[in-house]
Amino acid sequence: MSKPWFKKNYKRVSKYKGDDPSDVNNLPNYGYLGFRLYFPDADHINEEMLKKHVNTFKTFFQQNQTCYSLPEIAKDKLFNLDFKQITGDENILTYWPEFKEELSNDSEYCLNCISLAMHDLITKYYEEQNEQNLILFEPITARICNVEPFLHLRELRFQYIGKLVTIKGTVIKTSDVKLIAQYLTFTCSNCFGTQISKQPDNVYTVPLRCKTKDCKAKTNFSVELDSPYDKFVSWQSVKIQEPHWADQYDHARTPRTLDCELTEDLVNTCFPGDDVTISGIINKIHCAQNSFALLVQSLCPNIYGHEMVKAGLLLALFGGTKSESFRGESHVLVVGDPGLGKSQMLQACTNVAPRGVYVCGNTSTSSGLTVTMTRDGEGEFSLEAGALMLADQGCCCIDEFDKMPTQHAALLEAMEQQTISIAKAGTICSIPTRVTMLAAANPVGGHYNKARTIAENLKMNSPMLSRFDLIFILLDTVNEETDWLLSKHVVSIHLEQSERSRIQNNSVSIVESSNGNLRDRLKFDASKADLVPHNLFRKYIAYAQKYVKPQLSDDAKSVIKQYYLSLRKQFQTGDCTPVTTRQANSLIRLTQARAKAELREVATKQDAEDVVEIMKWSLNDIFSDGTGVLDKTRSQNGTGTSTKAQITRLLRIVQRISEIETRSIFGTNELKQLSEQAGIAKNKFNTVLENLNLQGFLLKKGQGKYQLVTADF
C-alpha cells in the first residue's frame, strides 16, 4: 500500500501555510480540495482549462452514478473506466473534444484530472453526510481498461514514446516489490523556502534553483523526509514476452520482450506464466533531461574528461542524414601524447557501433585495409574484403594511424567518395565503402609540439588531413586540480564491488541547465549516475541510424551559414588552410547527428550551436601555437610560423638556381647550404626538408637527391 500523502495533524507543519486541507479558502488549489495530491509541482497551470476538464468528468460521473459507488471507491482508492465509454460520451466530446488525443499524448495530465474530479465528488459526498473524519487525504487512482488499438511488441516504434498503448504478452519474470519516491520536499538553506520536486524513474533529483522570489540559491537544498507532501508508492518490475502466435511466419526468431513497471495496487497482480493485457505509457530509454551528456559519458566512462572529444566521436557514430548528393558519414582524427586514452576511446566506439571494425596501423597494409585480389588453386581470381569493406555502413577505427604513411593514399577515395576502385587482373569495378573512419595517432617523437603544425607532428600530407571533419589534439599538461580529479576517478574504477554498488545506489540524476556552453553541460560525476550499458547503447545507435532522418530547421541553417561565412573571412589570408565546402558539409552532417542523438526529426538552433562549439574547440587545438595564442594565418598542413618566411625564401632560391642552370635535381648538402642562406637554423634543416618532400615541393629521388617541382610562391 502506498504511504499516506497527507497527515491529519497539520498544525505542527506551520511552514506549509495555506496548505491546510481544512482551510479551503486559503488553499492554492484552484478551489479543489486535494489538488496538490495530483498536481504537486504545478506552479504554472491553465486554471480555466483545468476547471473545464475536471467539471467535464464530474458531470460524467454524476450522469453515470449507478456505475460508480463513491464509498467503495473511497475505500479501495481506485476505480476503473472503460476506454470506449469515455471516448464516446457526448458530454465529454462536447466540452473536451481533444480528450482522446490528449489521453494518448498526455496521459498523466488526463488521468490526474479524472482522479481529481472523483476525489472532489467523494469529498463533497462526505461533507453532505456530515462525516468530516472520512475526508480523503490519499490520492485516488483512475485505471483505464479496454484501451485500443492493440499493438504487437514488434510494432512498438519511436513514435509511440510517451503515448498510451495496449499490448499483450506472457509474464516471464517479476522482481521484488520496492518502495520508491515519486515526490520529495526540499528546503532551501538560504531562505528556508520549500518546494516539491518530482523524482523521475526512481532517480534522486535535487532542484536546480530556489523558486522563492529574490532568492538566488542554486543546488543548495536539503530533503525533508517527514514532509506530508512526500509521496511513496509500491513498485515492481515485470518482463513480458510476445505470445507464440504473434509472428506465425517466423518461428525461428527469438521472441521480443519488454520491461514493464507496475505501481501501487498493480504490484503482485501477475506472476511468471500468466498471459496479461497491459495498458500503459511507453517511457523513454534515458532518464536524464540532458540525454546527450549521458550518452557522451557512457561512451568510455573509464577515461576521465575529454568531453568534447567524446562528443565529436559520438556524433560521428550517429552520422548525418544521407542523400543522393551528400554522404552522411563523418571522419574524426584524435592526435595526442601517449597514455591519454586514445586507443580506449576507439575501442569503445567499436563496441557501441552496430558494425565496428578495429585495426592497428602498424600491422595493417593497404590491401588489408581496402581490398586485395587473390588467385585460387584453379587460377581463378577473386576479391577479398579488407577492413573498410567489412565496416561498410558502419565504423572503422584505425589506431596508430601515424605508423602507416604509405597506406594513406589508399584511403583517400574511401573517405570522400565512399568507394574503392580496383583495376587488377582484368577486373575493373568500384566497391561501396560507406564507412565512418575514426583514427588515432601519436606525434613524432612521442610528444606533440605546439610550435609545429599537425602535418609536421604527424608527417601526414594535406589531402589526407583535409578529409577529416574534426581533428582533436590531446596534450598531457600538468594541472594540480585536474590531476587530483583524474587520480580520484582512476581509484574509483578499482573499488570493490560492494563499494561500487553503494555508490550506484546513491545515484543522482543528470539534470543540466540548458544555459552555458556545451562543455559545461557535458560535465557531471559519472560515478554517481546510471550510465547506458554498451549493449543497449549499440541498439540505440542502430535504431537512430535506421529510423531517424533529421532535417535542418531554418534557425539551424542560419547558424551554420553565419559560422561558415565567418570561417571563410578569417582563413582567407596568409598561408592558412583554405575553408571550402567540405567544412560546410561537415557542419551540416554533425548538426544532423546532434539531433539524431536525441531521436529528433528536426535539428534545432541549439544543435547547430553545439556543433559550432565543437568545431571551434577543434580549430583552437589546430591553430594555437606554442605560446597558446590562436594564429588564424597558420596552416594546419604547412609549417610552423617561426620558419614560414625562411622556407619560402629557400624555395625561391632553389627555383632561381633551377631556372639559371636548367636543372631540377639538387643534393642534400647543396640544399643545406642554400637553407643557411635563407636563414634556416641547422637543427631545423632535416625537419624542413621532410616537410617540403611531404608537401610535394622537393620530391626525393634516391639517396641524397631531391627534385624541385615548379610552383608559385
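Since this is a predicted model, take the numbers as computed values, not measurements.

Draft legend 1. The arrangement of the pattern of salt bridges in detail. Going through the model one piece at a time under the given rule, you end up with 20 salt bridges. A salt bridge links Arg 256 to Glu 242, with the nearest nitrogen and oxygen atoms 3.6 Å apart. With Arg 256 in the loop between β8 (231-241) and β9 (257-263) and Glu 242 in the loop between β8 and β9, this residue pair connects regions lying 14 residues apart in the sequence. On the accessibility criterion, Arg 256 (30% relative accessible area) is partly exposed. The shortest N-O distance in the salt bridge between Arg 327 and Glu 416 comes to 3.4 Å. On the criterion of sequence distance, the pair formed by Arg 327 in the loop between α9 (307-318) and β11 (332-336) and Glu 416 in helix α13 (residues 408-416) is long-range, its members being 89 residues apart. Each member of the salt-bridge network shares a partner with another, and the members are Arg 521, Arg 594, Glu 598, Arg 600, Asp 607 and Asp 610.

Draft legend 2. Looking closely at the sheet that holds strand β23 (residues 698-700). Across the sheet, 3 strands lie side by side as β22-β24-β23; this open sheet has antiparallel pairing. With partners counted over all chains shown, the strands left at the sheet margins are β22 (665-667) and β23, one partner each. Within this sheet the neighbouring strands show an average axis-to-axis angle of 35°, counted without direction. In terms of strand pairing, β23 meets strand β24 (residues 705-708) through 3 bridges, oriented antiparallel. Its bridge partner lying in β24, Leu 699 is registered against Gln 707. Each of β22, β23 and β24 is contacted by helix α24 (residues 668-677), which is oriented at about 80° to β22, the strand it contacts most. This element, helix α25 (residues 685-694), spans β23 and β24 of the sheet and lies at about 90° to β23.

Draft legend 3. Structural context of the packing of α9 against helix α19 (residues 534-547). Across the interface, α9 lies against α19 with an axial gap of 9 Å and an inter-helix angle of 55°. Between α9 and α19, the angle falls in the class oblique. Seen from α9, the contacting residues are Leu 314, Leu 317 and Phe 318; seen from α19, they are Phe 537, Tyr 540, Ile 541, Ala 544 and Gln 545. The residue makeup of the contact of α9 with α19, split by class, is 7 nonpolar, 1 polar and no charged.

Draft legend 4. Focus on the pairing of β11. Among the 5 residues that make up β11, 5 are buried, leaving the element largely enclosed by the rest of the structure. Side-chain alternation along β11 places Val 332, Val 334 and Gly 336 on one buried face and Leu 333 and Val 335 on a second face that is also buried. The pairing of β11 with strand β18 (residues 436-441) spans 4 bridges and is parallel. Among the inter-strand pairings, Val 332 is bridged to a residue of β18, identified as Leu 438.

Draft legend 5. The arrangement of the packing of aromatic side chains in detail. Scanning all chains against the criterion turns up 14 aromatic pairs. Centroid distance Phe 401 to Phe 468: 5.9 Å. Interplanar angle 90°. Geometry classified as edge-to-face. Of this pair, Phe 401 sits in the loop between β15 (395-399) and α13 while Phe 468 sits in the loop between α15 (462-465) and β19 (470-474), and the two are 67 residues apart along the sequence. Looking at Phe 401, the relative accessible area reads 0%, which means it is buried. Exposure remark for Phe 468: the relative accessible area of 7% places this residue in the buried category. By the ring-pair criterion, three or more aromatic residues cluster together here, those being Phe 57, Phe 60, Phe 61, Tyr 68, Phe 79, Trp 96 and Phe 99. Between Arg 594 and the ring centre of Phe 292, over which it is positioned, the NZ or CZ distance is 4.0 Å.

Draft legend 6. Examining the nonpolar core more closely. Counting residues in each nonpolar core, the largest one holds 63 residues, and the members touching the most others are Phe 292, Leu 313, Leu 317, Phe 318 and Leu 438. No other element matches the 9 residues that α9 contributes to this core. Setting aside residues up to four positions removed in sequence, Leu 317 forms contacts with Leu 299, Cys 349, Val 352, Ala 353, Cys 395, Leu 438, Ile 541 and Gln 545. Residues Ala 117, Met 118, Tyr 126 and Ile 144 belong to the second largest nonpolar core, which totals 37 residues.

Draft legend 7. Inspection of the sheet that holds β11 at higher detail. Taken in spatial order, the 5 strands line up as β12-β15-β18-β11-β19 in an open sheet, and their pairing is parallel. Two strands bound the open sheet, and with one partner strand each, they are β12 (356-360) and β19. Each adjacent strand pair in this sheet contributes to an overall mean axis angle of 15°, direction not counted. One ladder, built from 5 bridges, connects β11 with β19; its direction is parallel. Looking at β19, one finds that Gly 336 is bridged to Leu 474.

Draft legend 8. Expanded view of the environment of Ile 161. Structurally, Ile 161 is set in the loop between β3 (150-151) and β4 (164-174). Sequence separation of Ile 161 and Asn 283 is 122 residues, and the distance between their C-alpha atoms is 5.8 Å.

Draft legend 9. Seen up close, the environment of Val 171. By the element assignment, Val 171 lies in strand β4. Sequence spacing of Val 171 and Asp 274 is 103 residues, and the spatial spacing of their C-alpha atoms is 5.5 Å. Dropping the residues within four chain positions of it, Val 171 is found in contact with Lys 239, Ile 240, Cys 270, Phe 271, Pro 272, Gly 273, Asp 274 and Val 276.

Draft legend 10. The arrangement of a nonpolar patch on the surface in detail. A surface patch of nonpolar side chains, amounting to about 370 Å² of accessible area, comprises Tyr 304, Trp 484, Leu 485 and Leu 486. As for its position among the elements, Tyr 304 is in the loop between α8 (291-299) and α9. The class of Tyr 304 is partly exposed, set by a relative accessible area of 30%.

Draft legend 11. The arrangement of the side chain of Thr 433 in detail. Of note, Thr 433 is situated in the loop between β17 (427-432) and β18. You can call Thr 433 buried: its relative accessible area is 0%. For Thr 433, the residues in contact, after removing those within four places along its chain, are Leu 388, Met 389, Asp 392, Ala 414, Gln 418, Thr 419 and Ile 420.

Draft legend 12. View of the packing of α8 against α9. Their axes nearest at 9 Å, the elements α8 and α9 cross at an angle of 100°. Between α8 and α9, the interaxial angle falls into the category roughly perpendicular. On α9, the residues touching Phe 292, Leu 295, Val 296, Gln 297 and Leu 299 of α8 are Glu 307, Lys 310, Ala 311, Leu 313, Leu 314, Leu 315, Leu 317 and Phe 318. Classifying every residue of the contact of α8 with α9 gives 10 nonpolar, 1 polar and 2 charged.

Draft legend 13. Here's a closer look at the confidence of the model for the chain. Chain-level pLDDT for the chain is 77 on average; 80% of the residues reach the 70-or-more range. Here residues 1-28 is modelled with pLDDT under 50, and outside its nearest four sequence neighbours on either side it reaches 56 contacts, counting other chains as well. Under a pLDDT of 50 for its full length, residues 496-515 has, in the predicted model, 36 contacts with residues more than four places off or in other chains.

Draft legend 14. Seen up close, helix α20 (residues 554-570). Over its 17 residues, α20 extends 24 Å from the first C-alpha to the last, a length consistent with the 24 Å expected when each residue adds 1.5 Å. Residues Ala 556, Val 559, Ile 560, Tyr 563, Tyr 564 and Leu 567 constitute the buried set of α20. Angular distribution of buried residues about the axis of α20 spans 125°; they occupy a single face of the element. Projecting away from the buried face of α20 at angles above 90 degrees are the exposed residues Asp 554, Lys 561, Gln 562 and Lys 569.

Draft legend 15. Looking closely at unusual backbone geometry. Positive phi outside glycine occurs at Asn 146, with the angle close to 60°. Mapping Asn 146 onto the fold places it in the loop between β2 (141-145) and β3. With a phi close to 65°, Gln 418 is a non-glycine residue in the positive phi region. In this structure, Gln 418 sits in the loop between α13 and β16 (419-424).

Thresholds, definitions, all that
- Residues numbered from 1 in each chain as written.
- Predicted model: local features only at pLDDT ≥ 70, side-chain atom pairs only at ≥ 80, totals over all residues.
- Heavy atoms only, no water.
- Salt bridge = Lys/Arg side-chain N within 4 Å of Asp/Glu carboxyl O.
- Helix = DSSP H or I, 4+ residues; strand = E, 2+ residues; numbered from the N terminus.
- Buried < 20%, exposed > 50% of the residue type's maximum accessible area, 1.4 Å probe, protein only.
- Pairing = 2+ DSSP bridges.
- Axes fitted to C-alpha atoms, helices over the stretch in contact; angles between N-to-C directions.
- Contact = heavy atoms within 4.5 Å.
- Parallel < 35°, antiparallel > 145°, perpendicular 65-115°, else oblique.
- Nonpolar A, V, L, I, M, F, W, Y, C, P; charged D, E, K, R; others polar.
- Phe/Tyr/Trp six-rings, centres within 6.5 Å; stacked < 30°, edge-to-face > 60°.
- Lys NZ or Arg CZ within 6 Å of the ring centre and 35° of its normal.
- Core = buried A, V, L, I, M, F, W, Y, C linked by side-chain atoms within 4.5 Å.
- Patch = residues over 30% accessible without salt bridge, like charges linked within 9 Å, V, L, I, M, F, W, Y side chains within 5 Å.
- Areas by Shrake-Rupley, 256 points an atom, 1.4 Å probe, with all protein chains shown as cover.
- pLDDT = per-residue confidence, 0-100.
- Expected span 1.5 Å × (residues − 1).
- Arc of directions from axis to C-beta.

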